[in-house]
Amino acid sequence: MIANRKGRSLTTTIVLLLGAYLFLVWLPLSRLHAWQHKHPRPTPIQNTLILQDTIHLHTATERYPITSYIRLPTSPSSIPKIQHDFPRESRPERKARVKKQKAIKEAFMHSWNGYKDHAWMRDEVSPQTGGYQDSFSGWGATLVDSLDALIIMGLDDELDLALEALNEIDFTTTRSAEVNVFEIIIRYMGGFLAAHDLSNGKHPILLKKAEELGEMIFNAFDTHNRMPQMRWDWSKSAQGEEIEPSERTSLAELGSLTVEFTRLSQLTGNPKYYDAVQRITNELERGQSKSRIPGLWPIYVNAKDLKFDWSQFSLGGSADSMYEYLPKEHILLGAQTDQYRNMYEDAIEAIKKKLLFRAMTKDEDKQILFTSNVRGLKGGALHGVQYVQDHLKCFLGGTVGLASKIFNRTEDLSIARGLTDGCIWAYDSMPTGIMPETLEVSPCKEIEKCPWDEGKWYEDVLGQPIHSREHLERAQQEVELEGFPPGIVGIPDPTYKLRPEAVESIFIMYRITGDKSLQDAAWRMFQSIDKVTRTKYGHSAIEDVRNPLPKMSDKMESFWLAETLKYLYLIFSEPSLVSLDEYVLSTEAHPFKRPS
């Protein structure tokens, strides 16, 4: 009896041990396999271009080293509250808002999956054909640019996949002949730093990669006057040869590195990055009063000789983010210097005096505002005024709105709204509901009063006074042939490139004012864009916004995920998510934590 009981005990023990093994080992493994099946690791898409004797940029001796760095301010001052005090929403309001937010998130995932499945570790997916493009040095621009959007949208599994891939990025070499310093900093460095800030430093790899990139790209500043070579011939630096800044440098590229480099210095304690951009700012401040339109800078700067005598002035491409970063850098520095406030105030007064105008539209109750492009003559006179609105200029409403709050310029808030409404009007005017890259409008003689005048519109379309029936018929034929809505007199570039600037200003103005009509406008924009641009592998830029079935250009830049869809998502989020009283958003929509 005793022997039999021992045998039963042994058998029971074996069964229990086997059960424990299955529970502790097999079950977790099965769950792991299930997760891997559900979230498979993407396959990196290899660049088929083979280079002989690949060059790597490692630590190089500086030709023009800095002996004393400009230090960061360390004691932040108070900045006026920016965001509106939003009331608690009702249950039906929340339900409707969340439904729209989910639709935007689904569009994001559609484009993200297209990139993940067909262009992983490359810069961009070709959304129509499923190929890829390396537009920004081939380091995975869409992956890095989208990191903070993954966090904001709560896509934790996708974030884990992206973080795992970051170790494979090698910033010491590229197949690109030159590196676009501005684009690399706003897309890559901005992506790393914002994801670091939003995750409260939870993932050390993010700051590590930002520092790696900073160390590499800092070599572009090693010139005789410490102005960077913005289209950097990096292989020269790698081989110890001298580089120099260009005599024709884009104002936006030169003046829009401040926020990213400042945040990198704040997080690492290394002053050299802030020093690098502060030297640029000091030169721009000196040149602001010496240009042909004092207060403004020309769209191109001679960075080699530090001259500001180009004649073209605009707030669109090649200039935009220079102005955008003046109030944003003021916020990020904790209002410890008046330099950026003073530069902004000189600029906005010149903008209001020289560039701002009202467009003549049939909706006379709304003040539709834009800014012109001009040539400045010596002495400050204007020549060749063009009443042109670029999509890139749509950032301005949000920037003026933000500055009106932090600098207590309450009189400018109506201008901010007029600029934002201008871009909303441009979207609503097109058959597709999408604003073109560039359009020309009929200007009002006065900003305060502007009745609709169809005869003047036809004259502006024709570019001459109408003195005969023949002239009128020619203007009417032009309107019909080109598909001009009332108030629009030309569409030089009818493309749409998935740009974010209009929804950026809507986001900022909504967070400032709480006006729900701005949410309605954003929702119209999203529905129109999603309907017309959606492709098999993402969303594509289109050739003509006047065509309801436009030709696709098979191009999806990283800012579609990093900016356009992120701003749309935030417009329909709780106002506490990425609050403007807690974060500064870069020109690539990357939120950086404000110093406290």
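Computed from a prediction, not measured in an experiment: that's the story for all the values here. Just so you know, the residues in each chain are numbered from 1, in the order the chain's sequence is written. With the structure being a predicted model, the display of local features is reserved for residues of pLDDT at least 70 and the display and counting of side-chain atom pairs for 80 or more, all residues being used for whole-chain, interface and lining totals. Only hydrogens and water are set aside; all other atoms, that is, all heavy atoms of the structure, feed into the side-chain values.

A.B. asks: Whenever I open this one, the UniProt feature "active site" (unreviewed entry) in the protein confuses me. Can you help?
C.D. replies: Here the UniProt feature "active site" (unreviewed entry) sits at Glu183, Asp320, Glu437 and Glu501. Note on conventions: DSSP H or I runs of at least 4 residues are helices, E runs of at least 2 residues are strands, and numbering of each starts at the N terminus. Relative to the assigned elements, Glu437 resides in the loop between helix 15 (413–429) and strand 13 (438–441). Residue contacts for Glu437: discarding those within four places in its chain leaves Gln389, Asp390, His391, Asp493, Thr495, Lys497 and Arg499. Here Glu501 lies in helix 18 (residues 501–513). The class for Glu501 is buried, based on a relative accessible area of 10%. Once residues within four sequence positions are removed from consideration, Glu501 is found in contact with His391, Leu392, Cys394 and Phe395. Nitrogen and oxygen atoms within 3.5 Å of one another constitute a polar contact, given that in protein one can donate a hydrogen and the other can accept it, and given that sequence-neighbouring residues count only through two side-chain atoms. There is a polar contact of 3.0 Å between the side chain of Glu501 and the side chain of His391. UniProt positions are given in the numbering used here, feature names are shortened, and annotations may be inferred rather than shown by experiment. By definition, residues are in contact when any of their heavy atoms lie within 4.5 Å. For the exposure calls, accessible area comes from a 1.4 Å probe over protein chains only, and a residue counts as buried if that area is under 20% of its type's maximum, exposed if over 50%, partly exposed in between.

A.B. asks: I tried to follow unusual backbone geometry on my own but got confused; where do I start?
C.D. replies: Leaving glycine aside, a negative phi is the common case for residues, and trans is the common case for peptide bonds. You will see that Leu306, though not glycine, has its phi angle at about 55°, which is positive. You can see Leu306 is positioned in the loop between strand 6 (300–301) and strand 7 (312–313). Backbone geometry places Val578, a non-glycine residue, at a positive phi of 55°. Within the secondary structure, Val578 is located in the loop between helix 20 (559–571) and strand 17 (583–585).

A.B. asks: Is there a simple way to explain the environment of Asn200 in this structure?
C.D. replies: Along the chain, the position of Asn200 falls in the loop between helix 6 (181–198) and helix 7 (204–217). Exposure remark for Asn200: the relative accessible area of 70% places this residue in the exposed category. Here the alpha-carbon distance between Asn200 and Ser414, two residues 214 residues apart in the chain, equals 36 Å.

A.B. asks: Would you explain the packing of aromatic side chains in this entry?
C.D. replies: Given two aromatic rings, one states the distance between the centres and the angle between the planes to describe the pair. Two aromatic rings, drawn from Phe, Tyr or Trp (for Trp, its six-membered ring), form a pair once their centres lie within 6.5 Å of each other, and the interplanar angle then sorts them: stacked below 30 degrees, edge-to-face above 60, tilted otherwise. Under the criterion given, the structure shown has 24 aromatic pairs. Ring centres of Phe108 and Trp112 lie 6.5 Å apart, and the angle between their planes is 10°; this geometry places the pair in the stacked category. Placement of the pair is Phe108 and Trp112 together in helix 2 (residues 91–118), with a separation of four residues, close to one helical turn. Using a relative accessible area of 0% as the deciding quantity, one classes Phe108 as buried. Taking the relative accessible area as the measure of exposure, Trp112 reaches 0% and is therefore buried. Members of the aromatic cluster, each reached through a chain of ring pairs, are Phe108, Trp112, Tyr115 and Trp120.

A.B. asks: What exactly am I supposed to notice about the packing of helix 2 against helix 20 here?
C.D. replies: Between two packed helices, what matters for the description is the angle formed by their axes and the separation of those axes. A fitted line through C-alpha atoms serves as each axis, taken over the contacting stretch for helices, and the angle formed by two N-to-C directions is quoted from 0 to 180°. Axis separation between helix 2 and helix 20 bottoms out at 9 Å; the angle between their running directions is 170°. Judged on the interaxial angle alone, helix 20 and helix 2 are roughly antiparallel. Of helix 20, the residues touching helix 2 (which contributes Gln101, Ile104, Lys105, Ala107, Phe108, Ser111 and Trp112) are Trp560, Leu561, Leu565, Leu568 and Tyr569. Each residue is assigned to one class: nonpolar for Ala, Val, Leu, Ile, Met, Phe, Trp, Tyr, Cys and Pro, charged for Asp, Glu, Lys and Arg, and polar for all the others, Gly among them. Partitioning the contact of helix 2 with helix 20 into residue classes produces nine nonpolar, two polar and one charged. An angle counts as roughly parallel when it lies under 35 degrees, as roughly antiparallel when it exceeds 145, as roughly perpendicular when it falls between 65 and 115, and as oblique in every other case.

A.B. asks: Can you help me understand the sheet that holds strand 12 (residues 388–390) in this one?
C.D. replies: Think of a sheet as strands paired side by side through backbone hydrogen bonds, with each pair either parallel or antiparallel. Two strands pair if DSSP finds at least two bridges between them. Strand order in the open sheet formed by three strands is 12-13-14, with antiparallel pairing between adjacent strands. One side of each edge strand has no neighbouring strand; the edge strands of this open sheet are strand 12 and strand 14 (488–493). Between one strand axis and the next, the sheet turns by 25° as a mean value, whatever way the strands run. The pairing of strand 12 with strand 13 spans three bridges and is antiparallel. Directly across from Asp390, in strand 13, lies its bridge partner Thr438.

A.B. asks: Before we go on, may I ask you to explain the pairing of strand 11 (residues 382–386) in this structure?
C.D. replies: The side chains of a regular strand alternate, residue by residue, between the two faces of the sheet. As paired strands, strand 10 (residues 373–376) and strand 11 are joined by three bridges and run antiparallel to one another. Each bridged residue has a counterpart across the sheet, and for Gly376 the counterpart in strand 11 is Leu382. Here strand 10 folds back onto strand 11, and the loop between the two strands holds five residues, one of which, Gly379, carries a positive phi near 105°.

A.B. asks: Help me out: how do you make sense of the sheet that holds strand 11 in this one?
C.D. replies: What the three strands build is an open sheet, ordered 7-10-11; its pairing is antiparallel. Edge positions in the sheet fall to strand 7 and strand 11, since each of these pairs with one other strand and no more.

A.B. asks: Before we go on, may I ask you to explain helix 12 (residues 320–332) in this structure?
C.D. replies: In an α-helix, one turn spans 3.6 residues; hence positions three or four apart end up facing the same way. For a helix, the expected span equals 1.5 Å multiplied by the number of residues minus one. Along its 13 residues, helix 12 runs 19 Å from first to last C-alpha, staying within 8% of the 18 Å computed at 1.5 Å per residue. Remark: the principal bend of helix 12, roughly 35°, maps to Leu326, with a proline, Pro327, within the next four residues. Counting buried positions along helix 12 gives 13 out of 13 residues, so the element sits mostly inside the fold. Following helix 12 by one or two positions, Gly334 has its phi on the positive side, about 70°. The angle separating two fitted axes, one through the seven residues that finish at a residue and one through the seven that start at it, defines the bend at that residue.

A.B. asks: Help me understand helix 17 (residues 469–482), please; the structure alone is not making it clear to me.
C.D. replies: Compared with the 20 Å implied by 1.5 Å per residue over 14 residues, the 20 Å span of helix 17 between its first and last C-alpha is a close match. Contacts made by the buried residues of helix 17 are with helix 16 (454–462). Looking one or two places after helix 17, you find Gly483, whose phi comes out positive at around 70°.

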